[in-house]
Amino acid sequence: MLRRLLLALSSLSMLAAGLNGGACAQGRFGSPPPNASSGDNAPAATPAPETKPAEPAPAAPVLPGSPTAVVKPFYEHLGLELDPAQRKNFIDPAKSVLDKSDALRASGQGECLDPNMALDNAEYDKLAIDRSLKTIEAVKGDEAKVVAAFVVAGNQHRLEWKLKKVGGAWKIFDLLSVTGEWALSQYQCE
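Predicted, not measured: the structure shown is a model, and the values here were computed from it.

Caption draft 1: Spatial organisation of the pairing of strand E2 (residues 143-152). Side chains Ala144, Val146, Ala148, Phe150 and Val152 of E2 all project onto a buried face; the interleaved residues Glu143, Lys145, Val147, Ala149 and Val151 project onto a face where none is buried. Of the pairings in the sheet, the one linking strand E1 (residues 134-140) to E2 comprises seven bridges and is antiparallel in character. By the bridge assignment for E2, Glu137 is matched with Val146. Hairpin connection of E1 to E2: two residues between the antiparallel strands, including Gly141 at a positive phi of 65 degrees. Two elements, E2 and strand E3 (residues 155-166), share ten bridges in a ladder whose sense is antiparallel. The partner of Val146 across the bridge, within E3, is Trp161. The antiparallel pairing of E2 with E3 creates a hairpin that spans two residues between the two strands, and Ala153 there sits at a positive phi of about 55 degrees.

And the structure:
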């Protein structure tokens, strides 16, 4: 978005500088280019150095053992939520749904869950996700929410991970898609 805005402003500035030999644009958009006539025979000003757009502020570090630390790996490894080895990070009702999905898959009767639920069933584009992923954590007592927002192929996605503290560790008990309007706990994998 910032890149488009800068491009639009650059185009507008060049268009304005071309009007009336640059005299109209001077004062509104700065000095005309060095080789353009300023209309008043004044010496040309040296061009301003080109500046880079501001870099976004670095994300706050994820604290070990925090709810965000539990959620973050699901955005680093596609399909991790369906890996039975990760079941230690889940409690019911999410764990029951995932276990039933495993049983259905093992029986050869098909799949119940999409392999990229953490991505809101969007196309997997690791670079786009890495660039746009933002997480916000809210903790209230022994419960927490981690909202993950990202953009893939121009489409915004927002998911809400619900966690409870069990035995001193955060465990995921549900995953909701705010944009897709689904919840892991509502799946019937039988």
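Caption draft 2: Main features of the pairing of strand E4 (residues 169-177). Burial within E4 is extensive, with seven of its nine residues counted as buried. Pairing analysis gives eight bridges linking E3 to E4, with the strands arranged antiparallel. Bridged to Glu160 within E4 is Leu176. Where E3 folds back on E4, the antiparallel hairpin that results is connected by two residues, among which Gly167 adopts a positive phi of roughly 60 degrees.

Caption draft 3: Representation of the nonpolar core. With 33 residues, the main nonpolar core has Tyr75, Leu113, Phe150, Trp161, Leu163 and Leu184 as its most contacted residues. For this core, the secondary structure elements donating two or more residues are helix H2 (67-71), helix H3 (73-76), helix H4 (94-106), E2, E3 and E4. It is E2 that contributes the most residues to this core, five residues altogether.

Caption draft 4: Quick peek at unusual backbone geometry. Backbone torsion omega between Asp92 and Pro93 reads 15 degrees, so that peptide bond is classified as cis. Phi is positive for Asp120, close to 60 degrees, though the residue is something other than glycine. Inspection of the secondary structure assignment puts Asp120 in the loop between H4 and helix H5 (126-132). With a relative accessible area of 8%, Asp120 lands in the buried category.

Caption draft 5: Spotlight on the pattern of salt bridges. Using the criterion set out here, one finds nine salt bridges in the structure. Put simply, Lys126 and Asp130 hold a salt bridge, and the shortest N to O gap is 3.3 Å. Pair noted here: Lys126 and Asp130 are both in helix H5, with a separation of four residues, about one helical turn. Residue Lys126 is classed as partly exposed on the basis of its relative accessible area of 32%. Each of Arg87, Lys95, Asp99, Asp102, Arg105 and Glu111 takes part in a single network of salt bridges with overlapping partners.

Caption draft 6: Structural context of the packing of aromatic side chains. Inspection of every chain in the model, using the stated rule, returns five aromatic pairs. When the centroid spacing of 6.1 Å and the interplanar angle of 75 degrees are considered together, the rings of Tyr75 and Trp161 count as edge-to-face. Here the residue Tyr75 occupies a position in helix H3, and Trp161 occupies one in strand E3, the gap between them amounting to 86 residues. Assigned by exposure class, Tyr75 and Trp161 land together as buried. On the numbers, 6.2 Å between centres and 75 degrees between planes, the contact of Trp182 with Tyr187 is edge-to-face. You can call Tyr187 partly exposed: its relative accessible area is 25%. Chaining the aromatic ring pairs together yields one cluster made of Phe74, Tyr75, Phe90, Phe150 and Trp161. We note Lys164 situated over the ring of Phe173; from NZ or CZ to the ring centre the distance is 4.8 Å.

Calculation notes
Residues numbered from 1 in each chain as written. Predicted model: local features only at pLDDT ≥ 70, side-chain atom pairs only at ≥ 80, totals over all residues. Heavy atoms only, no water. Buried < 20%, exposed > 50% of the residue type's maximum accessible area, 1.4 Å probe, protein only. Helix = DSSP H or I, 4+ residues; strand = E, 2+ residues; numbered from the N terminus. Pairing = 2+ DSSP bridges. Core = buried A, V, L, I, M, F, W, Y, C linked by side-chain atoms within 4.5 Å. Salt bridge = Lys/Arg side-chain N within 4 Å of Asp/Glu carboxyl O. Phe/Tyr/Trp six-rings, centres within 6.5 Å; stacked < 30°, edge-to-face > 60°. Lys NZ or Arg CZ within 6 Å of the ring centre and 35° of its normal.

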